[in-house]
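Structure at a glance
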Amino acid sequence: MKNKTKTYILLTLVLGVWGAIGYRIVSTINPSGPDMVQQNFEVSFNPKTNTEVDTFSIQVANRDPFLGTLLVKKKPVKSVKKQAQPKVVWLPVLYHGTISKQNTKTKVFIVSISGQQNLMRIGQIINDVKLIKANNNNITVTYKGARKTIQKT
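First things first, this report covers the structure right here in the doc. Keep in mind that this is a model prediction, so the values were computed, not measured. What you see as residue numbers is a count from 1 along each chain, following the sequence as written. At least 70 in pLDDT is required for a residue's local features to be given in this predicted model, at least 80 for side-chain atom pairs to be given and counted, and no such filter applies to totals for whole chains, interfaces and linings, which use all residues. Hydrogens and waters are ignored; side-chain quantities use all the structure's heavy atoms.

1. Points about the nonpolar core
This is how it is decided: Buried Ala, Val, Leu, Ile, Met, Phe, Trp, Tyr and Cys residues form a nonpolar core when they are joined through side-chain atoms within 4.5 Å. Burial status follows relative accessibility: with a 1.4 Å probe on protein chains alone, a residue under 20% of its type maximum counts as buried, one over 50% as exposed, and anything between as partly exposed. Put simply, DSSP H or I for four residues or longer makes a helix, DSSP E for two residues or longer makes a strand, and each gets a number counted from the N terminus. Pairs of residues are marked as contacts when any of their non-hydrogen atoms sit within 4.5 Å.
In terms of nonpolar packing, the biggest core is built from 13 residues, with Val111, Ile113, Met120, Leu131, Ile139, Val141 and Ile150 touching the most fellow members. Of all the secondary structure elements, the ones that give two or more residues to this core are strand E1 (93–100), strand E2 (107–113), strand E5 (129–134) and strand E6 (138–143). In this structure Ile113 touches Leu91, Pro92, Val93, Asn118, Met120, Ile126, Asn127 and Val129, once residues within four positions along its chain are discounted.

Next up, the structure:
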């Protein structure tokens, strides 16, 4: 009878295991849906109005954050256009030399203007030609605002 008891015990265990497997298969194929309770919500959306305005200002950085040196702004170069002076038609002016007295240091210069020889001192004006400076080799004269240096001939 010992053998029969073991067989009955094993038979009940096998039937229990196969029953559990069968139950899982059947419950998976025909699932029972969850109970859904429908709730009625009254939904209204009222956003909050933000009355504060976020303001900020940008300020110039005076230092380089990496090097620690001061930043220097380059000032724009103002270009000044010179007014073009009209071309001056010069009278024919020639420099011939100097005359001076032996006892004095004042010099008189021989200048030919439009073919006429004149004796001139520094600062003297003849025919709108003014003698500005002079030495033994050249003279500087102005005529209608234009300046010119003339060599000795």
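2. Some details on the pairing of E5
Remark: a regular strand shows side chains that alternate across the two faces of the sheet. Stated formally: Any two strands are treated as partners once DSSP identifies two or more bridges connecting them.
As defined by bridge partners, strand E4 (residues 125–126) adjoins E5 across two bridges and the pair is classed as antiparallel. Residue pairing across strands places Ile126 opposite Val129, the latter belonging to E5. In this antiparallel pair of consecutive strands, E4 and E5, the connection spans two residues, and Asn127 shows a positive phi of 55 degrees. Where E5 lies against E6, five bridges are found, and the strand directions are antiparallel. Residue pairing across strands places Val129 opposite Tyr143, the latter belonging to E6. Hairpin connection from E5 to E6: three residues lie between these consecutive antiparallel strands.

Distances and angles like these do not, on their own, reveal function.
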